[in-house]
Amino acid sequence: MKKCKADSLEDFIEFVRSLYNNYDYIPLHQPSFQGNEIMYLNECINSTFVSSVGKYVDEFEKSFANFVGSKYAVAVVNGTSALHVALKLMGVDHNSDVITQPLSFVATCNAISYCGAHPIFIDVDISTLGMCSESLNNYLKKCTYFRNGILYSKYSRRKISAVLPMHTFGYPCEIDKIYDICKEYNLPLIEDSAESVGSFFKGSHTGTFGDIGVFSFNGNKIITTGGGGMIVTNNSEIARKAKHISTTSKVKHPFKFIHDEIGFNYRLPNINAAIGCAQMENLTEILIKKEELFNKYSQFFSQTEYNYFISSSDCQPNYWLNTILVDNKTKRDRFLIKTNESGIMTRPAWTLLNNLDIYKNSETFKLSNSEWLENRLINIPSSII
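Residues numbered from 1 in each chain as written. Predicted model: local features only at pLDDT ≥ 70, side-chain atom pairs only at ≥ 80, totals over all residues. Heavy atoms only, no water.

**Thoughts on unusual backbone geometry**
At step 1: Phi is positive for T48, close to 70°, though the residue is something other than glycine.
At step 2: Considering the arrangement of structural elements, one finds T48 in the loop between α2 (37-47) and α3 (55-68).
At step 3: Taking the relative accessible area as the measure of exposure, T48 reaches 61% and is therefore exposed.
At step 4: Look at R157: it is not a glycine, yet its phi comes out positive at around 65°.
At step 5: For R157, a relative accessible area of 54% gives the class exposed. (Helix = DSSP H or I, 4+ residues; strand = E, 2+ residues; numbered from the N terminus. Buried < 20%, exposed > 50% of the residue type's maximum accessible area, 1.4 Å probe, protein only.)

Spelled out as structure tokens, the structure:
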């Protein structure tokens, strides 16, 4: 994180307007379509294969796996369904617990709930905005116990079935340390990499450290398929099972409809994958432009009082959403009101998930960093220019 100097909200508004050619309304993050999207869509439509079977699905999966460095990739309808499938494949079941972070989009917890499981919220690290490895280690030492080789929460008395960190706004968390802790406690590790397509930690892409990584291609992400998500893994059986249960668990047969377990209609349509293939062709260029925008912001904020968030040298983030931190909630709200009234979309951090009514009774463990960030964090316009 970079500490900066003097305040000027009006200067910020003027600077952002200059970046985006003085548009009347400047969104937080809009998609970029500058390649073969229309051509591939037309080809897909002409082929009539627009649903979950078609060449673009296969091409998109292969291209994405190659980019992130995983052996397998399975395309699904959105990031939430990817999380749901990943959790199920890691054995998260009814009345078990999953350790995660409160500073995240609600989909992280909703996917846990779809499995009939319960979240345990531990703190994030202010220097990464993602799950804090020290908090995870302390929680496991103080608040869990083994019985017959299975780890349980002392609070809920339920089995702890997985750890689910999130790479917040595209900034990698301490995933290597989290991985080591999970190995020590024999806990499956699922990476919520929904926001971190194109982010690397110590030379490896996010989503490839754990047993499974999941990504999102929603319209506001680095690349988009309209909706869409991806499951990545190096385990052939996990990949096979992910593809099977996300395709209604249909057994291959020339004409019979045989389903051997409860499955989900989660496979990505070919027409969405066509967009994804075109987006992958431009991903490297998009990431270069994202870093150029980051550098422009970095120079501007060096002359202001705002704290402009910068990740550690171990990380190569995708700079999905540029982020600043202000001194307190009052200043945060003033900034949000003034910028949005001026047609510049900015937003605060999500309401901490443990403060939502639907998760307010969940187990929590010392969330001081998360609470501090919730009152100070602001995302600013981050579309490529």
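**Re the pattern of salt bridges**
Side chains bearing opposite charge may pair, as long as their charged atoms lie close to each other.
At step 1: Evaluated as defined, the whole model comprises 14 salt bridges.
At step 2: A salt bridge links R158 to D97, with the shortest nitrogen-to-oxygen separation between them at 2.7 Å. Pair noted here: R158 is in the loop between β5 (150-153) and β6 (160-164) and D97 is in strand β2 (residues 97-100), with a separation of 61 residues, a long-range link.
At step 3: You can call R158 partly exposed: its relative accessible area is 22%.
At step 4: For D97, a relative accessible area of 0% gives the class buried.
At step 5: Between K331 and E305 there is a salt bridge; the shortest N-O distance is 3.6 Å. Of the two residues, K331 sits in helix α11 (residues 329-341) while E305 sits in the loop between α10 (283-301) and β12 (307-308), which places them 26 residues apart along the sequence.
At step 6: On the accessibility criterion, K331 (33% relative accessible area) is partly exposed.
At step 7: Within this structure, E61, K243 and R267 form a network of salt bridges that share partners. (Salt bridge = Lys/Arg side-chain N within 4 Å of Asp/Glu carboxyl O.)

**Considerations on the pairing of strand β1 (residues 72-76)**
At step 1: In terms of burial, β1 is largely enclosed, as 4 of its 5 residues are buried.
At step 2: Across 5 bridges, β1 lies against strand β11 (residues 229-233) in antiparallel orientation. Across the sheet, V74 pairs through a bridge with I231, a residue of β11. (Pairing = 2+ DSSP bridges.)

**Considering the sheet that holds strand β3 (residues 118-122)**
At step 1: Spatially, the 4 strands line up as an open sheet ordered β6-β2-β3-β16, and their pairing is parallel. Unpaired on one side and paired on the other, β6 and β16 (363-365) mark the two borders of the sheet. Neighbouring strand axes in the sheet, compared pairwise and without regard to direction, differ in orientation by 20° on average.
At step 2: When β3 meets β16, the two strands line up parallel, connected through 3 bridges. Bridged to I122 within β16 is F365.
At step 3: The strands that helix α6 (residues 133-143) touches are β2, β3, β6 and β16; relative to β16, the one it contacts most, it runs at about 120°. (Axes fitted to C-alpha atoms, helices over the stretch in contact; angles between N-to-C directions. Contact = heavy atoms within 4.5 Å.)

**Points about the environment of L129**
At step 1: Take L129: it is sitting in the loop between β3 and α6.
At step 2: Accessibility expressed as a relative area gives 0% for L129, which makes it buried.
At step 3: When the C-alpha atoms of L129 and T248 are compared, they prove to be 36 Å apart, with 119 residues separating the residues in sequence.
At step 4: With residues near it in sequence (within four places) discarded, L129 still touches Q101, L103, V124, T168, F169, Y171, F309, L373 and L377.

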